[in-house]
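So you can see what is in the structure, the chains are spelled out below.
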Amino acid sequence: QVQLVESGGAVVQAGNSLKLSCAATGGTFSNYFMAWFRQAPGKEREFVATIGWGNSYTHYAESVKGRFAISRDNFDNLLYLEMNSLQPGDTARYYCAASREYASVRESAYDYWGQGTQVTVSS
């Protein structure tokens, strides 16, 4: 079973950048497809980005494409989300998730979830 712990959330001003990390333990990290989701207050959790076993396959939500970059380090069992040009609309709790089967935009595809890290973007 994989345990996921996110970090790096903060309060930042619009236009700034932030890098989130997700540390994985308890499993073979390189065997899992990974993703980031986010949930804003009063809204449903939504897909942000997903990555294949290596760094060759990535897919992004339209709202973050060109601003966010997902990557992974299979040696240190870390998942990253580099966020640039942050906007108030990016304010949310960000979750990392792991799937044994495939990379997907659907929450139901993911077997393990972290507790999340809060990102707040002020205007």
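Up top is the structure these notes are about.
Below is a summary of the structure that appears in this document. What you are looking at is a predicted structure, and each value in this text was computed from that prediction instead of being measured.

Scoring rules and cut-offs
Residues numbered from 1 in each chain as written. Predicted model: local features only at pLDDT ≥ 70, side-chain atom pairs only at ≥ 80, totals over all residues. Heavy atoms only, no water. Helix = DSSP H or I, 4+ residues; strand = E, 2+ residues; numbered from the N terminus. Rg over C-alpha atoms; globule rule 2.2 N^0.38 Å. Buried < 20%, exposed > 50% of the residue type's maximum accessible area, 1.4 Å probe, protein only. Phe/Tyr/Trp six-rings, centres within 6.5 Å; stacked < 30°, edge-to-face > 60°. Lys NZ or Arg CZ within 6 Å of the ring centre and 35° of its normal. Core = buried A, V, L, I, M, F, W, Y, C linked by side-chain atoms within 4.5 Å. Contact = heavy atoms within 4.5 Å.

1. Some points on the overall build of the protein chain
Inference 1: The secondary structure content of the protein chain amounts to zero helices and 11 strands.
Inference 2: When the helices and strands of the protein chain are listed from N to C terminus, the series reads β-β-β-β-β-β-β-β-β-β-β.
Inference 3: What you see for the protein chain is a C-alpha radius of gyration of 13 Å, in line with the 14 Å of a compact globule of 123 residues.
Inference 4: Overall, the C-alpha framework of the protein chain stretches about 40 × 25 × 25 Å when taken along its three principal axes.
Inference 5: With 123 residues in all, the protein chain has 45% of them scored as buried.

2. Section: the packing of aromatic side chains
Inference 1: Summed over all chains, the structure comprises six aromatic pairs.
Inference 2: When the ring of phenylalanine 37 is compared with that of phenylalanine 47, the centres are 5.7 Å apart and the planes differ by 75 degrees; the resulting orientation is edge-to-face. A residue pair is termed long-range when its members are at least 10 positions apart, and phenylalanine 37 in strand S4 (residues 33-39) and phenylalanine 47 in strand S5 (residues 46-51) qualify at 10 residues. Neither residue differs from the other here; phenylalanine 37 and phenylalanine 47 are each classed as buried.
Inference 3: Site record: aromatic cluster; members linked through ring pairs are Phe37, Phe47, Tyr110 and Trp113.
Inference 4: Looking at arginine 45, its charged tip hangs above the ring of tyrosine 95, at a distance of 4.8 Å from the centre.
Inference 5: Across from the ring centre of phenylalanine 29, 4.4 Å away, lies the NZ or CZ of arginine 72, which sits over that ring.

3. Observations regarding the nonpolar core
Inference 1: Counting 37 residues, the largest nonpolar core has Leu4, Trp36, Leu79, Leu81, Met83 and Tyr94 as its most contacted members.
Inference 2: Mapped onto this core, the elements with two or more residues apiece are strand S3 (18-25), S4, S5, strand S7 (68-73), strand S8 (78-83), strand S9 (92-99) and strand S11 (117-122).
Inference 3: Here this core takes five residues from S9, the largest share from any one element.
Inference 4: Sequence-distant contacts of methionine 83, that is, excluding residues within four places in its chain, are made with Asn16, Ser17, Leu18, Leu20, Arg67, Phe68, Tyr94 and Val119.

4. Considerations on unusual backbone geometry
Inference 1: You will see that asparagine 77, though not glycine, has its phi angle at about 60 degrees, which is positive.
Inference 2: Structurally, the position occupied by asparagine 77 is in the loop between S7 and S8.
Inference 3: A positive phi angle is found at serine 85, which is not glycine, with a value near 50 degrees.

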